[in-house]
Amino acid sequence: MSDRILEVDNLSVEFATYGGTVKAVRGVSFHVNRGETLAIVGESGCGKSVTVQAIMGIIPMPPGKITGGSARLNGKDILGLPAKQANQFRGVEIGMIFQDPMTSLNPTMTIGDQISETLMVHRGLSYKDASALAVQLLDKTKIAEAAKRAKQYPFEFSGGMLQRAMIAQSLACNPAVLMADEPTTALDVTIQAQILELMAELQRTENMSIILITHDLAVVARMADRVAVMYAGQIIESGSVDDIFYRSSHPYTLGLKEAMPSNKGDRDKKLSPILGSPPDLFHPPVGCGYFARCPYAMKVCEHQQPPEYLLAGDTTHQARCWLQHAGAPVNKRLYQTGANHAD
């Protein structure tokens, strides 16, 4: 049996709006192995959330439309299924932690009833058995006095507790893959660390695969086994977490790292922001999406889309950048920047 539990190939998603058609996801391909964590990282608006929502079948259609590609879960294509068929895997084989638990939970239902509903619908349990299991799930996510908390409403929970309740709900049917969309947004640093540790522990005990959607590179460094960097609706670099942090090969990835604060080196050193703005996806660039902001841009970048280059000596590290072409001039500054981060 293949180690790949989820394979996404050439996924494209568009949204029809009054202003035109937004090409939000443009030919995205990746895979997730059993028991590993894949982080999809990039700035806001790059297509991270739309990608996983399309796989889950929860983007509104219309205005959304999947215009191409496939997503295979354990070898079965799950992309664009009718609602009845999608419900057979959604929440069962794939769980989802949404970005904002404060708006993702029903304010009119108790926490326990919301978890119980998932168990009754997907596992056919009675209300009594589902309620008892809901308490166990809350206890598993380390919510104190789980039986008491199960009878409370979302407004009675703190942000960290709501996130734990969302995790409990997503684990109700023992999913093989857990999608976590910004699971630590709006949480303070202490609670954020607790949530990440909880997810790592549950991954070990439940043997889950995790797709982690984030723009926080610190979270990526702590949680991920592999990383896919997105920009303008495309994956522009992918590889192991060490590849991305220590052997970065795309100027955008290097720019993200340069913009991160560090506790090493000269404290007077200023952060280097990425100047400019992402491209307009109503009219995506003909060539590289990063061309207008790239300090290493060449003429070919403006007019031709770069292919994915497999980095020399590596079987998994790929970059969509013309600088990796054999005929490109060697840019010492680019490689030197990457080398500095390896120290």
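Since the structure is predicted, the reported quantities are computational estimates derived from the model, not experimental observations. (Residues numbered from 1 in each chain as written. Predicted model: local features only at pLDDT ≥ 70, side-chain atom pairs only at ≥ 80, totals over all residues. Heavy atoms only, no water.)

S.K.: Outline the overall build of the chain, listing residues and values.
M.R.: When you go through the chain residue by residue, the secondary structure sums to 13 helices and twelve strands. In terms of overall dimensions, the chain is globule-like: its C-alpha atoms have a radius of gyration of 21 Å, near the 20 Å expected for 343 residues. Projected onto its principal axes, the C-alpha positions of the chain cover 70 × 50 × 45 Å. Residue burial in the chain is summarised as follows: out of 343 residues, 48% are buried. Within the chain, counting contacts between residues at least 6 apart in sequence, those at least 24 apart form 62% of the total. Accessible surface computed for the chain: about 17,000 Å², of which carbon and sulfur atoms make up 52%. In the chain, 32 positive and 34 negative side-chain charges are present, and the distance between their average locations comes to 1 Å. (Helix = DSSP H or I, 4+ residues; strand = E, 2+ residues; numbered from the N terminus. Rg over C-alpha atoms; globule rule 2.2 N^0.38 Å. Buried < 20%, exposed > 50% of the residue type's maximum accessible area, 1.4 Å probe, protein only. Contact = heavy atoms within 4.5 Å. Areas by Shrake-Rupley, 256 points an atom, 1.4 Å probe, with all protein chains shown as cover. Lys, Arg positive; Asp, Glu negative; His and termini not counted. Charge placed at Lys NZ, Arg CZ, Asp CG, Glu CD.)

S.K.: So what's going on with the packing of aromatic side chains? Residues and values would help.
M.R.: Tallying each qualifying case throughout the model produces five aromatic pairs. Ring plane angle 50° and centroid distance 4.6 Å describe the contact between Tyr 231 and Tyr 252, whose orientation is recorded as tilted. Pair noted here: Tyr 231 is in strand β9 (residues 226–231) and Tyr 252 is in helix α11 (residues 251–258), with a separation of 21 residues, a long-range link. Of the two residues examined, Tyr 231 and Tyr 252, each falls in the buried class. Between Tyr 252 and Tyr 290, the ring centres sit 5.4 Å apart and the planes meet at 70°, which makes this aromatic pair edge-to-face. Residue Tyr 252 is located in helix α11, and its partner Tyr 290 is located in the loop between α11 and α12 (299–303); the two are separated by 38 residues in the primary sequence. Tyr 290 carries the same exposure label as Tyr 252, and that label is buried. Joined through ring pairs, the aromatic side chains of Tyr 231, Tyr 252 and Tyr 290 make up one cluster. It is Arg 149 that lies over the ring of Phe 157; its NZ or CZ is 5.8 Å from the centre. (Phe/Tyr/Trp six-rings, centres within 6.5 Å; stacked < 30°, edge-to-face > 60°. Lys NZ or Arg CZ within 6 Å of the ring centre and 35° of its normal.)

S.K.: Before we move on, can you summarise helix α7 (residues 159–170) with the specific residues and values?
M.R.: It helps to recall that an α-helix has 3.6 residues per turn; residues three or four apart then point in one direction. Helix length check: α7 (twelve residues) gives 17 Å between terminal C-alpha atoms against 16 Å at 1.5 Å per residue, within 8%. For α7, a buried count of eleven out of twelve residues is recorded, marking the element as mostly surrounded by other parts of the structure. Of all the residues in α7, the buried ones are Gly 159, Gly 160, Met 161, Leu 162, Gln 163, Arg 164, Ala 165, Met 166, Ile 167, Ala 168 and Ser 170. (Expected span 1.5 Å × (residues − 1).)

S.K.: Requested: an account of the nonpolar core, with residues and values cited.
M.R.: Among the nonpolar cores identified, the biggest contains 36 residues, and Ile 111, Ile 115, Leu 138, Ile 167 and Met 199 are the most heavily contacted of them. Of all the secondary structure elements, the ones that give two or more residues to this core are α4 (111–123), α5 (127–140), α7, β7 (177–181), α8 (189–206), β8 (209–214) and α9 (217–223). Counting 35 residues, the second-largest nonpolar core is a separate cluster that includes Leu 11, Val 25, Phe 30 and Met 179. (Core = buried A, V, L, I, M, F, W, Y, C linked by side-chain atoms within 4.5 Å.)

S.K.: Can you lay out the packing of α4 against α5 for me, pointing to particular residues and giving the numbers?
M.R.: Orientation of α4 relative to α5, taken along the N-to-C sense of each, is 120°, at an axis distance of 8 Å. Here α4 lies oblique to α5, going by the angle between them. When you trace α4 past α5, the crossing you get is right-handed. Facing Ile 111, Gly 112, Asp 113, Ile 115, Ser 116, Leu 119, Met 120 and Arg 123 of α4, the residues of α5 in contact are Tyr 127, Ala 130, Ser 131, Leu 133, Ala 134, Leu 137 and Leu 138. (Axes fitted to C-alpha atoms, helices over the stretch in contact; angles between N-to-C directions. Parallel < 35°, antiparallel > 145°, perpendicular 65-115°, else oblique. Left-handed = near helix turned anticlockwise from the far one by under 90°.)

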